[in-house]
Structures are given as C-alpha cells and as structure tokens.
Amino acid sequence: MSGELSPIDKAKFVAAKRAADYVEDGMRVGLGTGSTAAWLVRCLGEQVREGGLRFKGVPTSTRTADLAREVGIEVISLAEARWLDITIDGADEFDGDLNLIKGGGGALLQEKIVATASDQMVVIADIGKEVEHLGAFPLPIEVIPFGWQTTQALVEETLVSMDVLGRQSSLRMNGERPFVTDEGNYILDLHLQRIGNPRQLSLVINQMPGVVENGLFIDICDAVVIGYGDGRVEVRDINEGTVEQDRLDFLESDNLFTDLAD
Ligand code: 5RP
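**A few points about the pairing of strand E15 (residues 223-227)**
Buried residues dominate E15, accounting for 5 of its 5 residues. Neither face of E15 is exposed, since Ala 223, Val 225 and Gly 227 on one face and Val 224 and Ile 226 on the opposite face are all buried. Where E15 lies against strand E16 (residues 232-237), 5 bridges are found, and the strand directions are antiparallel. For Val 224, the partnering residue across the bridge sits in E16 and is Arg 236. Joining the antiparallel neighbours E15 and E16 is a turn of 4 residues, in which Gly 231 adopts a positive phi near 100°.

Written as structure tokens, this is what we have:
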C-alpha cells in the first residue's frame, strides 16, 4: 500500500480506529486477521507506543502475531490468556442479525476459537460487507488434508438437501499448491450464492468427518463497527439494540502505516 488511501481502505481504517476505543488497560484482547484487522492492530500499536495503553493481545494467525509484535503489542497465547475480554476482527459478510461469514483470509478456525472464548466479539467492516442474506461470498470450510476429495464430495452431496442456491466447491490454492492453514489443514470454498438457513447449515457441515470448522459465525458477534469511505462510522450493538453514528476525521498523518504490509 502506498500514497493516498482508497475509499475502501479509509472505511476500514475508520472502523478499526473507532473499534480501538473498546480496548482498555489490563484487557486480554483477541486480534483478528485480514486487512481491516491489520488496521486495528496498527491503531492499537500506536496507542501502546504513544498513549501508554497496556493490554495483552491474542492473535488469530501467525500473520497477525508478527504484525502485533512489530507494532509493539504484547502477544500471549490463548493457552496463557484462557479467557478474553474482547475480540475484534473483520468479516467477509455480516447480516442484520450480525451473523457472519469469515475465513476469506484462511484463519477461520483460530478466529472462531478466540472469538468464542471472549466476553464480547466486535466486528469491524466497511459498509460493502453488509448483506441481506449470507452466501454471496464463498463460505470457507477448513478440512483435514487426508481424503479431502472425499470430504468435498460428501459436502457437495449434503448441500442438495440444504437451503442454498449453489453447490459448487473449490479447493483454495496458493499458486500451484493447496493453501495450507496455520493448523496444517486445507480450505474448501463453497459457492452457495444464498444461504437460507445459516444456523442449520453450520450444524450440518460440522457433523461431517473431515470437516474441522466452517466460516459461519452464528450468535457470536455482539457489535459491528461499520466504516464508510467519507469517515462516517456506525456502531450497531445487537445486545443493547443501539445504533450510534459518528464521524472520524481522516488526517494524512493517520496514513502513517503505508509502508507496512498487511
Ligand atoms: C480472515 C477473515 C477476515 O476477517 C475476513 O476475510 C475479512 O478480511 P478483510 O478485512 O481483509 O476484508 O475472516 O480469515
């Protein structure tokens, strides 16, 4: 990333910056994965270095762990933290009930474990991630490499009786080789187009041998901080039933992370 930020990056940045306000001294904080979560980690790192914020971060991927250490955040493992005050993470899609599709970055397993071990999960997203029905974004499922082709066939066969529009799936690749997760597994992306009953689909997929976890986050997210390219942010809290609107000024001095990779 270099130079002026695009509107979408500004939207991600303001969502991340607003969500950083949730983090207080002494907290144990789950740190998500992806480009929006990377903005959060950078914002929090700045507050640690320049504002004296003291917290411990539990990263959801090796990428996030590397970035967190680079920006000065104290990193601990989930085993050390055991339970977290909050997790802040991005999403590929969110609906009106704050159910999510996650895993576009391939970190869904650690993300779901960490979010579920938290008192609160806050999602940060640009407005383009909001959908009426989940499923336009391919649903990632993490599968064991052993016999993955058989698992794929079983998943596709099971989708026949599910409330979805598409049933194609593809093995996620990294160049010529399968993409391998931090846990050494593969990802199948399910091209479902529209998911009529996300809760049922999540339960059914997770029953299949070979499937480790799926990218549907049902009843896990508590609030979403939505960023817009013009600096507006909206915070929707599903438990409180509140919607707050705000505007953050985007200063060019905020673009101080341009030379850091995601
Ligand atoms: C990684 C994720 C990400 O949170 C999701 O893909 C959103 O990424 P981005 O903020 O880059 O759009 O689930 O596994």
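**Some remarks on the domain arrangement of the protein**
Annotation of the protein at the domain level lists domain 1 (7-131 + 219-257) and domain 2 (139-215). Domain 1 and domain 2 are separated by 26 Å when their C-alpha centres are compared. Counting residues at the interface gives 14 residues for domain 1, matched by 17 residues for domain 2. Between domain 1 and domain 2 lies a buried interface of about 1,200 Å² when both sides are counted; carbon and sulfur atoms form 52% of it. Considering only the side of domain 1, the residues that lose the most area to domain 2 are Leu 108, Leu 109 and Lys 112, jointly responsible for 42% of the buried surface there. Applying the counting criterion to the domain 1 and domain 2 interface returns 2 salt bridges. Those elements that provide at least two residues to the side of domain 1 that touches domain 2 are strand E6 (100-101) and helix H5 (108-116). With 4 residues, H5 is the single largest residue contributor to the side of domain 1 that touches domain 2. Its residues assigned to classes, the side of domain 1 that touches domain 2 shows 4 nonpolar, 7 polar and 3 charged.

**Some details on the site of the ligand**
In the region of the ligand, 17 residues are neighbours, and Ser 35, Thr 36, Asp 92, Gly 103 and Lys 129 sit closest. One of the backbone N or O atoms of Gly 103 is found 2.8 Å from an oxygen atom in the ligand. One of the backbone N or O atoms of Ala 107 is found 3.1 Å from an oxygen atom in the ligand. Out of a free accessible area of 370 Å², the ligand has 91% covered by protein chains. Taken together, the residues of the shell around the ligand break down into 2 nonpolar, 9 polar and 6 charged.

**Section: the sheet that holds strand E9 (residues 168-171)**
Taken in spatial order, the 4 strands line up as E9-E12-E8-E13 in an open sheet, and their pairing is antiparallel. The strands lining the two open edges of the sheet, one partner per strand, are E9 and strand E13 (211-214). Sheet twist, expressed as the mean angle between neighbouring strand axes with direction ignored, is 30°. Relative to strand E12 (residues 186-191), strand E8 (residues 139-143) is paired through 5 bridges, and the arrangement is antiparallel. Looking at the pairing, Leu 139 lines up with Leu 190 of E12. Lying on the sheet, helix H6 (residues 148-159) is in contact with E8, E9, E12 and E13; it crosses E9 at an angle near 160°.

Parameters at a glance
- Along each chain, residues carry numbers from 1 onward, in the same order as the chain's sequence is written.
- Predicted model: local features are reported for residues with pLDDT of at least 70 only, side-chain atom pairs are reported and counted for 80 or more only, and whole-chain, interface and lining totals are derived from all residues.
- Values shown for side chains rest on all heavy atoms present in the structure; no hydrogens or waters enter the calculation.
- Buried, partly exposed and exposed residues are distinguished by accessible area as a fraction of the type maximum, computed with a 1.4 Å probe on protein chains only: under 20%, between the cut-offs, and over 50%, respectively.
- To qualify as a helix, a DSSP run of H or I must reach at least 4 residues; to qualify as a strand, a run of E must reach at least 2; elements of each kind are numbered from the N terminus.
- A strand pair is defined by DSSP finding two or more bridges across the two strands.
- An automatic or database domain assignment provides the domain bounds reported here.
- Working rule for contacts: check all heavy atoms of both residues, and any pair within 4.5 Å makes them a contact.
- A 1.4 Å probe defines the accessible area here, and the buried area is the portion of it lost by two parts on being joined, summed over both.
- Salt bridges are defined as contacts in which a side-chain nitrogen from Lys or Arg sits within 4 Å of a carboxyl oxygen from Asp or Glu.
- Think of it as three bins: nonpolar holds Ala, Val, Leu, Ile, Met, Phe, Trp, Tyr, Cys and Pro, charged holds Asp, Glu, Lys and Arg, and polar takes everything else, Gly as well.
- Proximity is defined per residue: any heavy atom of the residue falling within 4 Å of a molecule or strand makes that residue near it.
- Throughout this description, a polar contact denotes any pair of N or O atoms lying within 3.5 Å of each other; where both atoms belong to protein, one of them has to be capable of donating a hydrogen while the other can accept it, and for residues adjacent in sequence the pair is counted only when both atoms sit in side chains.
- Per-residue and other accessible areas follow the Shrake-Rupley method at a 1.4 Å probe size, with only the shown protein chains counted as cover for residues.
- The convention used is that axes are lines fitted to C-alpha atoms, helices contributing only their stretch in contact, and that angles between N-to-C directions extend from 0 to 180 degrees.

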